[in-house]
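Spelled out, the chains give:
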Amino acid sequence: MTATMTLGAAVNAGLRAAMERDDKVVLMGEDIGRLGGVFRVTDALQKDFGANRVMDTPLGEAGIMGTAVGLTARGYRPVVEIQFDGFVYPAYDQLVAQVARLHYRSAGRVRVPIVIRIPFGGGIGAVEHHSDSPEAQFALTAGLKVVSCATPHDAYWMIQQAIASDDPIVFMEPKRRYWDSGEVDTRSAGVELWTSLVRRRGADATLIAYGPMVTTCLGAATVAAEEGLDLEVIDLRALSPLDLGPVFASVRRTGRAVVVHEAQRTLGLGAELSARITEECFYSLEAPVQRVTGYDTPYPPSRVESEFLPSVDRVLDAVDTAREF
Amino acid sequence: MTLPMTPQPGALDGEHDLVQLLAPDGTRRHDPRYPLEVDRAQLEGWYRDLVLARRIDTEAFALQRHGELGLWPPALGQEAAQIGSGRALRDQDFVFPTYRQHGVAYCRGIDPALLLGMFRGTELGGWDPHEYRYALPQIIIGAQTLHATGYAMGLLLDGAVGHGDTERDTAAIAYLGDGATSQGDVAEAFVWAASYQAPVVFFCENNQYAISVPLERQTRVPIAQRAAGFGFKGVRVDGNDVLACYAVTRAALDAARQGFGPSLIEAVTYRIGAHTTSDDPRRYREDAETEAWRAKDPIDRVRIHLQREGSDAAFFATVEAEADQLGAHLREVCGRLPEPDLVGLFDHVYTDVPEELARQRDDAIAWQATDEGGDR
Ligand SMILES: Cc1ncc(C[n+]2csc(CCOP(=O)(O)OP(=O)(O)O)c2C)c(N)n1
Ligand SMILES: [Mg+2]
């Protein structure tokens, strides 16, 4: 069975499937119930599953995250929504000092199967605190896993796989792609959660991206193809732990790697990827690993965000740099 | 200087009945706790403020609908809370607002056009907070209450309260919503303010909703009642009554100035419009509820009262004409707000420009000048 859905509707359908499968799955967040979330990702779920399983919480992210921890001790599997990336920081203490460590300090006796859904990234013309890409801050926290979906099919399956996992997982949703449509195979995920995927085969250079930048990189590859350049595009999907086997295999063939993310450059995921690729593929590299990222500034006013965000042209420019090295 | 280190006498007894000095039907009420004499000229001034504040709001809303702004959070229905409290401020006081206090910004003398930039996406702020003693609008719910408290602690350290001189003694005011009262930051602000007896007024515009979430999700008691638990005074006031909001805020600010520490004002009002231009309130509330609140409109009651007191048609026409002018000004200025550019994007991240950031900037500029960069 395949169905065409937007990415936002696919998360909704995935949540619904997870809730039908396991009645310990509960959703918590601001405005997720009656309103269905500011992006309508939880649309109709409260109506269908009731207010006990889809909770409109008081306005407080520390409260949402901290009570989710307590609920796990009663056997629940909370899926919490942080309304926008920039509002996760009040929850940061609970997330980093509690959620990430409980399994470790209890020597495996306590599991905290919480999924933290965060619409992230820019490109929607929003006001401040609505366009951040804080994924590296979670990826660098031992004890947290981080994933990001890029397609409706992945949105549908990855949210279910994340909910089924017994580890806490930060689930980064590319908010500017919520309205993009794609095919969803509702019978089979096809792959495990912790795998990166080659989205496009190519021989001349490897583009590595996740979340909203996968579409940008595929766009760049299409433009490059018109110019006779053959680019490979890898969608990481898992940001922590990373699945770099396909990346290394690709870079060994192409000799050139370009990492693309919206987040700021310094200590972004590109830094880790660049280090790992250099460690593993040193003798295959024809050029240093290139990074196309946001700049090391706070997210700028929206009317200049297109300058901040990696674009097809900036990606292609980095490919040129790698080829001309 | 020794300041009183206890709350105002009787503060913890609470005043949880609604303070009202002007009823929805325009009848003047009197409350012995908040004596207030206003002559017609002063009330006409506040009427004008209310009308202009509403015009700023409706004009900005229209600009958003025409694609000139990315977003606008309407304050429709909350004008009395904003003008009443805003006019109670003294010039030396410092305001820490949320994103919705357009009327208070107006009272501080900020050109309303400056409010538009952040919602148009041309900038992240809009003015020098020190110049107007009005901080930049806060989007992170509740964060500003701690800033106001810290500012008030600074006033204490500087001995800026307790001289019995209202021209000189200074207070801070933090605006917050009903939803914000659930945030940890706000609880901490209340603790700090009480602990240090900081001269800060927490002015909560209880507009009944935090986006779609109704008040009952945030609190089981009237918000004003929370203050007693922290050890300071809480007052409930009709937030659609400009006189009551003025009188109650002035009293709270004066108490802060005298060294009696913080207070919490709950202005009971209603958000007639959507949460923001992106919101659709019909998904979570009944039209009938909104209509019932429309009948308590903050401007109508002042107009009715003034008409009874003898304000003539010419006065109302003048205010209307001024509002039209203000609207035209906003429409005219909005499209001319300076566009941000790539170079400016790198400014002011720090007080200096670190080498690596300068390199990123120079590379970006150089690239933009090339064919590919220029294309976009
Ligand atoms: C820390 C944080 N969490 C969530 C949000 C999203 N958000 C914006 S406004 C709002 C509701 C605020 O309600 P209230 O405090 O009552 O103020 P009002 O908007 O009604 O004036 C929410 C949840 C935010 N801006 N900041
Ligand atoms: Mg509110």
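Residues numbered from 1 in each chain as written. Chains lettered and ligands numbered in written order. Predicted model: local features only at pLDDT ≥ 70, side-chain atom pairs only at ≥ 80, totals over all residues. Heavy atoms only, no water.

## As for the overall build of chain A
For step 1, the next point in the chain: Helix and strand counts for chain A stand at twelve helices and 14 strands.
For step 2, the next point in the chain: Radius of gyration (C-alpha) of chain A: 19 Å, near the 20 Å computed for a compact globule of 325 residues.
For step 3, the next point in the chain: Taking the principal axes of the C-alpha coordinates as reference, chain A spans close to 60 × 40 × 40 Å.
For step 4, the next point in the chain: Counting only contacts in chain A whose residues sit at least 6 apart along the sequence, the fraction spanning at least 24 positions is 82%.
For step 5, the next point in the chain: Counting only carbon and sulfur atoms, one obtains 50% of the accessible surface of chain A, whose full area is about 12000 Å².
For step 6, the next point in the chain: Between the centroid of the 32 positive side chains of chain A and the centroid of its 42 negative side chains there is a distance of 6 Å. (Helix = DSSP H or I, 4+ residues; strand = E, 2+ residues; numbered from the N terminus. Rg over C-alpha atoms; globule rule 2.2 N^0.38 Å. Contact = heavy atoms within 4.5 Å. Areas by Shrake-Rupley, 256 points an atom, 1.4 Å probe, with all protein chains shown as cover. Lys, Arg positive; Asp, Glu negative; His and termini not counted. Charge placed at Lys NZ, Arg CZ, Asp CG, Glu CD.)

## Focus on the packing of helix α3 (residues 61–72) of chain A against helix α4 (residues 92–99) of chain A
Residues and elements named next belong to chain A.
For step 1, the next point in the chain: Interaxial distance between α3 and α4 falls to 7 Å at its minimum, and their mutual angle equals 25°. Between α3 and α4, the angle falls in the class roughly parallel. For the pair formed by α3 and α4, the contact residues are A62, M65, G66 and V69 on the first element and Q94, L95 and V99 on the second.
For step 2, the next point in the chain: Residues belonging to the contact of α3 with α4 are distributed by class as follows: five nonpolar, two polar and no charged. (Axes fitted to C-alpha atoms, helices over the stretch in contact; angles between N-to-C directions. Parallel < 35°, antiparallel > 145°, perpendicular 65-115°, else oblique. Nonpolar A, V, L, I, M, F, W, Y, C, P; charged D, E, K, R; others polar.)

## Quick word on the site of ligand 1
For step 1, the next point in the chain: Close contacts around ligand 1 come from 20 residues, with A:E61, B:Y99, B:R100, B:I139 and B:G179 the closest.
For step 2, the next point in the chain: Mapping the residues adjacent to ligand 1 onto the chains of the assembly identifies chains A and B.
For step 3, the next point in the chain: One of the side-chain N or O atoms of B:Y99 is found 2.6 Å from an oxygen atom in ligand 1.
For step 4, the next point in the chain: Within the contact set of ligand 1, an oxygen atom lies 2.8 Å away from a backbone nitrogen or oxygen of B:G179.
For step 5, the next point in the chain: For ligand 1, whose free accessible area comes to 580 Å², the fraction covered by protein is 96%.
For step 6, the next point in the chain: Tallied by class, the residues present in the shell around ligand 1 amount to ten nonpolar, six polar and four charged. (Near = heavy atom within 4 Å. Polar contact = N/O pair within 3.5 Å; in protein donor to acceptor, adjacent residues only side chain to side chain.)

## A few points about the sheet that holds strand β13 (residues 257–264) of chain A
All names here are of chain A.
For step 1, the next point in the chain: The strand order across the open sheet built from five strands is β9-β11-β10-β13-β14, with neighbouring strands paired in mixed fashion. Either end of the sheet is taken by a strand with one partner, and the two such strands are β9 (197–200) and β14 (290–294). Recorded for the sheet is a direction-independent mean angle of 25° between the axes of neighbouring strands.
For step 2, the next point in the chain: Sheet topology note: the strand β10 (residues 205–209)/β13 ladder contains three bridges and is parallel. When the sheet's bridge partners are listed, T206 is paired in β13 with A257.
For step 3, the next point in the chain: Here helix α12 (residues 312–324) sits on the sheet in contact with β10, β11 (231–235), β13 and β14, set at roughly 160° to β14. (Pairing = 2+ DSSP bridges.)

## Re the sheet that holds strand β7 (residues 169–174) of chain A
Residues and elements named next belong to chain A.
For step 1, the next point in the chain: Read across the sheet, seven strands follow the order β3-β2-β4-β5-β7-β6-β12 without closing on themselves; strand pairing throughout is mixed. Two strands in the sheet have a free side with no partner beyond their single neighbour: β3 (54–56) and β12 (238–240). On average, adjacent strands in this sheet sit at an angle of 20° to one another, irrespective of strand direction.
For step 2, the next point in the chain: The pairing of strand β5 (residues 115–120) with β7 spans six bridges and is classified as parallel. Pairing of V115 across the sheet is with I169, part of β7.
For step 3, the next point in the chain: Sitting on the sheet, helix α1 (residues 7–21) touches β2 (25–29), β3, β4 (77–81), β5 and β7, and the angle it makes with β2 is about 135°.
For step 4, the next point in the chain: Each of β2, β3, β4 and β5 is contacted by α3, which is oriented at about 170° to β4, the strand it contacts most.

## Things to note about the coordination of the magnesium ion (ligand 2)
All names here are of chain B.
For step 1, the next point in the chain: Taken together, D178 (OD), N207 (OD1) and Y209 (O) make up the protein donors of the magnesium ion (ligand 2), found 2.0 to 2.1 Å from the metal.
For step 2, the next point in the chain: Binding-site remark: the magnesium ion (ligand 2) is held by donors from one chain whose sequence spacing is D-x28-N-x1-Y. Taken together, the residues span a long stretch of sequence, with D178 in the loop between β3 (172–177) and α7 (184–196) and N207 in the loop between β4 (200–206) and β5 (209–210) at a distance of 29 residues. Note on accessibility: D178 and N207 belong to one class, buried. (Donors = N, O, S within 2.8 Å, 3.2 Å for Na, K, Ca; no water. Buried < 20%, exposed > 50% of the residue type's maximum accessible area, 1.4 Å probe, protein only.)

## Some thoughts on the interface of chain B and chain A
Interfaces are often described in size by the accessible area the parts lose on coming together.
For step 1, the next point in the chain: Contacts between chain B and chain A engage 44 residues on the former and 38 residues on the latter.
For step 2, the next point in the chain: When the two sides are added together, the surface that chain B and chain A hide from each other amounts to roughly 3400 Å², 58% of it contributed by carbon and sulfur.
For step 3, the next point in the chain: Three residues, B:L124, B:R283 and B:L345, lead the burial of chain B against chain A; their summed loss comes to 19% of the area buried on that side.
For step 4, the next point in the chain: Where chain B touches chain A, the interface holds two salt bridges.
For step 5, the next point in the chain: Where B:E339 meets A:R303, a salt bridge forms, and the shortest distance between an N and an O atom there is 2.9 Å. (Buried area = accessible area lost by both parts, 1.4 Å probe. Salt bridge = Lys/Arg side-chain N within 4 Å of Asp/Glu carboxyl O.)

## Some points on a nonpolar patch on the surface
Residue and element names in this part refer to chain B.
For step 1, the next point in the chain: Taken together, V191, W192 and Y196 make up a surface patch of nonpolar side chains, about 290 Å² in accessible area.
For step 2, the next point in the chain: Residue placement: V191 occurs in helix α7.
For step 3, the next point in the chain: Residue classification places V191 among the partly exposed positions, given a relative accessible area of 39%. (Patch = residues over 30% accessible without salt bridge, like charges linked within 9 Å, V, L, I, M, F, W, Y side chains within 5 Å.)

## Here we look at the pairing of strand β6 (residues 145–148) of chain A
Residues and elements named next belong to chain A.
For step 1, the next point in the chain: Two strands pair when backbone bridges link them, and β6 and β7 are joined in this way by four bridges, in the parallel orientation. By the bridge assignment for β7, K145 is matched with I169.
For step 2, the next point in the chain: Considered for its hand, the β-α-β crossover made up of β6, helix α7 (residues 152–164) and β7 is right-handed.
For step 3, the next point in the chain: Of the pairings in the sheet, the one linking β6 to β12 comprises two bridges and is antiparallel in character. Counterpart to V146 in the pairing with β12 is S240. (Right-handed = clockwise from strand over helix to strand, strands pointing away.)

## A short note on the pairing of β4(A)
Looking down a regular strand, the side chains alternate between one sheet face and the other.
Residue and element names in this part refer to chain A.
For step 1, the next point in the chain: Counting buried residues along β4, five of its five residues qualify, which places the element largely inside the surrounding structure.
For step 2, the next point in the chain: Alternating positions in β4 separate into two faces, R77, V79 and E81 on one and P78 and V80 on the other, with burial throughout.
For step 3, the next point in the chain: Here β4 runs beside β5; their pairing, made up of three bridges, is parallel. Bridging across to β5, V79 finds its partner in V115.

## As for the domain arrangement of chain B
For step 1, the next point in the chain: Its domain assignment divides chain B into domain 1 (40–336) and domain 2 (343–374).
For step 2, the next point in the chain: Distance from the C-alpha centre of domain 1 of chain B to the C-alpha centre of domain 2 of chain B: 38 Å. (Domains from an automatic or database assignment.)

## Describing the packing of helix α1 (residues 40–65) of chain B against helix α2 (residues 79–88) of chain B
Residue and element names in this part refer to chain B.
For step 1, the next point in the chain: The N-to-C vectors of α1 and α2 enclose an angle of 130°; their axes lie 10 Å apart at closest approach. Compared by their axis directions, α1 and α2 come out oblique. Read as a crossing pair, α1 and α2 show a hand that is right-handed. Contacts between α1 and α2 involve W46, D49, L50, A53 and R54 from the first element and E79, A80, I83 and R87 from the second.
For step 2, the next point in the chain: In terms of residue class, the contact of α1 with α2 is made up of five nonpolar, no polar and four charged. (Left-handed = near helix turned anticlockwise from the far one by under 90°.)

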